[in-house]
Amino acid sequence: MKNTLETRLGIFVALAVIAAVLILETVGGVDRFRRGYRYLGLFKNVQELKVGDRVKMAGVEVGRVQDITLTNDQVLVTIKVQASYRNAVKTDSTATVKFTSLFGQNYVGIEFGSPSAPPASEGTFLHTEEQPDVSAIMQKIDNVATGVQNLTKSFTGDKIDNLLGPFTDFMKANKDPLTTMIANFQAVSGQIAQGKGTVGRLIFEDTLYNSALAAVTNLEDTASQIKLTIADARLTISDARNIIGQANAGQGTIGKLLKDESLYNETTASMTSLKEILQKINQGQGSVGKLLNDQEMYRNAKLSLQKLDKATEGLEDQGPLSVLGIIVNNLF
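Residues numbered from 1 in each chain as written. Predicted model: local features only at pLDDT ≥ 70, side-chain atom pairs only at ≥ 80, totals over all residues. Heavy atoms only, no water.

Q: Please clarify how the overall build of the protein chain should be interpreted in this entry.
A: Helix and strand counts for the protein chain come out as 11 helices and 7 strands. Taking all 332 residues of the protein chain together, the buried fraction comes to 17%. (Helix = DSSP H or I, 4+ residues; strand = E, 2+ residues; numbered from the N terminus. Buried < 20%, exposed > 50% of the residue type's maximum accessible area, 1.4 Å probe, protein only.)

This is the structure:
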């Protein structure tokens with residue numbers, strides 16, 4: 001290749017074009033020439049967000065920040081999402097300004113909306129959420145570190161001696177009782193480890209475990225029976241409700257007795273007829289009334305019974321025909 005002015009000029013132009021493309025890609029200028037959809041969001045604080053910063057969904061870059069302006073004591077952020085991700089942004093999606101590191105590298109994160117929500121149209125104001133300010137977090141951490149530093153400086157040698165002095169004196173004054181108590185603890189723990197005593201048996205023997213397991217099993221069986229009883233009671237109550245409902249609806253024998261007026265009228269008529277019959281009987285009307293109230297018929301019936309009694313006195317000595325003749329004569 002000849003080292004001519006045209007060659008050097010061509011290399012310079014090529015490098016300039018490459019540098020321009022890299023710069024545009026870094027600041028997001030290339031996205032201005034791509035087809036996409038713009039969405040808006042209002043924030044109280046965008047935390048050093050800049051035009052050209054990335055827009056991500058679930059960690060995937062889907063667009064860039066196109067504009068940042070102040071309006072009505074809030075920050076209006078315009079983002080541009082690539083056309084291929086348009087359907088991923090829903091009407092109930094939420095936008096949040098997040099940071100990737102403590103050096104102020106921010107981006108706009110968009111959360112997925114509900115699957116049933118429709119895609120957001122261009123120019124839609126998305127729901128927004130505020131993230132804690134990094135500077136405020138660092139200030140709180142600095143305050144905590146300062147407090148810890150001041151606390152450690154306050155513990156000088158004299159102050160530590162003043163704090164631990166009473167405790168040391170107590171330990172020295174009660175050395176023998178504390179030694180005895182520790183020895184007793186060791187003896188008790190040794191017996192427990194060997195399975196001796198009540199606590200040792202509770203820990204190492206299976207009797208308590210088996211008893212507890214049996215008790216739990218019995219409780220489970222009892223609970224099952226109670227559940228069955230409750231279920232039966234519910235079924236009984238349900239059946240009773242059905243019967244009452246049928247009765248209220250006039251269905252069945254009881255329902256007809258309660259709701260059918262024709263049956264009530266027939267019963268009333270029957271009772272009225274029975275009452276009239278009883279009145280006639282009491283008045284001596286009809287055959288039954290005469291039998292009960294006519295004294296002459298009563299005397300005739302009594303006389304006939306007396307004759308029949310006399311006629312049967314000689315039955316043992318008479319033949320069948322003679323007996324029949326005597327009965328007829330006595331009766332007539």
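Q: Help me understand helix α4 (residues 175–193), please; the structure alone is not making it clear to me.
A: Three- or four-residue spacings in an α-helix give side chains the same orientation, since the helix completes a turn every 3.6 residues. Here α4 contains 19 residues, and its C-alpha end-to-end distance of 27 Å stays within 8% of the 27 Å for a straight helix at 1.5 Å per residue. Positive phi shows up at G195, right after α4, with a value of about 80°. (Expected span 1.5 Å × (residues − 1).)

Q: Looking at this structure, I do not really get the packing of aromatic side chains. What am I missing?
A: The relation between two aromatic rings is expressed through the spacing of the ring centres and the mutual angle of the planes. In this structure the tally under the stated criterion is 0 aromatic pairs. Note that K56 overlies the ring of Y107, its terminal NZ or CZ placed 4.9 Å from the centroid. One cation-aromatic arrangement involves R86 over Y37; the distance from NZ or CZ to the ring centre is 4.4 Å. (Phe/Tyr/Trp six-rings, centres within 6.5 Å; stacked < 30°, edge-to-face > 60°. Lys NZ or Arg CZ within 6 Å of the ring centre and 35° of its normal.)

Q: What am I meant to see in the nonpolar core here?
A: Across soluble globular proteins, nonpolar side chains have a tendency to be buried as a group. One finds Y39, V77, I79, V108 and L126 to be the most contacted residues of the largest nonpolar core, which totals 20 residues. Elements with a contribution of two residues or more to this core: β1 (36–43), β2 (54–57), β3 (60–71), β4 (74–82), β5 (94–99) and β6 (106–111). Of all the elements, β4 adds the most residues to this core, at 4 residues. (Core = buried A, V, L, I, M, F, W, Y, C linked by side-chain atoms within 4.5 Å.)

Q: Sorry, what's going on with empty space enclosed by the protein here?
A: A probe as big as a water molecule, rolled over the atoms, marks out the empty space that is left. Enumeration over the complete set of coordinates arrives at 2 cavities of 30 Å³ or more. By volume, the second largest cavity is sized at about 40 Å³. Within the residue set of the lining of the second largest cavity, elements represented by two or more residues are β1 and β4. Examining the composition of the lining of the second largest cavity, we find that 3 residues originate from one element, β1, more than from any other. (1 Å grid on protein atoms, 1.4 Å probe; cavity = no way out; pocket = protein on both sides within 12 Å on 5 of 7 lines; lining within 4 Å. Points joined across faces, edges and corners; volume = space filled by probe spheres on them.)

Q: Explain the pattern of salt bridges here, please?
A: Side chains carrying opposite charge are able to pair once their charged atoms draw close together. Evaluated as defined, the whole model comprises 4 salt bridges. Two residues, R64 and E61, come together in a salt bridge whose shortest N-O distance is 3.1 Å. With relative accessibility at 29%, the residue E61 sits in the partly exposed group. One salt bridge in this structure joins E111 and K98, with 3.2 Å as the shortest N-O distance. Of this pair, E111 sits in strand β6 while K98 is found in strand β5, placing the two residues 13 residues apart along the sequence. You can call E111 partly exposed: its relative accessible area is 40%. A relative accessible area of 22% means that K98 is categorised as partly exposed. Via salt bridges that share partners, R54, E61 and R64 belong to a single interconnected network. (Salt bridge = Lys/Arg side-chain N within 4 Å of Asp/Glu carboxyl O.)

Q: Got a minute to help me understand the sheet that holds β6 in this structure?
A: The strand order β1-β4-β3-β2-β6-β5-β7 describes an open sheet built from 7 strands, whose pairing is mixed. With partners counted over all chains shown, the strands left at the sheet margins are β1 and β7 (127–129), one partner each. Pairwise comparison of adjacent strand axes, ignoring direction, gives a mean angle of 35° for this sheet. Of the pairings in the sheet, the one linking β3 to β4 comprises 8 bridges and is antiparallel in character. Its bridge partner lying in β4, T71 is registered against Q74. (Pairing = 2+ DSSP bridges. Axes fitted to C-alpha atoms, helices over the stretch in contact; angles between N-to-C directions.)

Q: Explain the side chain of S93 here, please?
A: Along the chain, S93 falls in the loop between β4 and β5. Look at S93 and you get buried, because its relative accessible area is 0%. For S93, the side chain forms a polar contact with the main-chain nitrogen of K90, separated by 2.8 Å. From its side chain, S93 meets the backbone nitrogen of G113 in a polar contact 3.4 Å long. In this view, S93 contacts A88, I110, E111, F112, G113, L126 and H127; residues no more than four positions away in its chain are not counted. (Polar contact = N/O pair within 3.5 Å; in protein donor to acceptor, adjacent residues only side chain to side chain. Contact = heavy atoms within 4.5 Å.)

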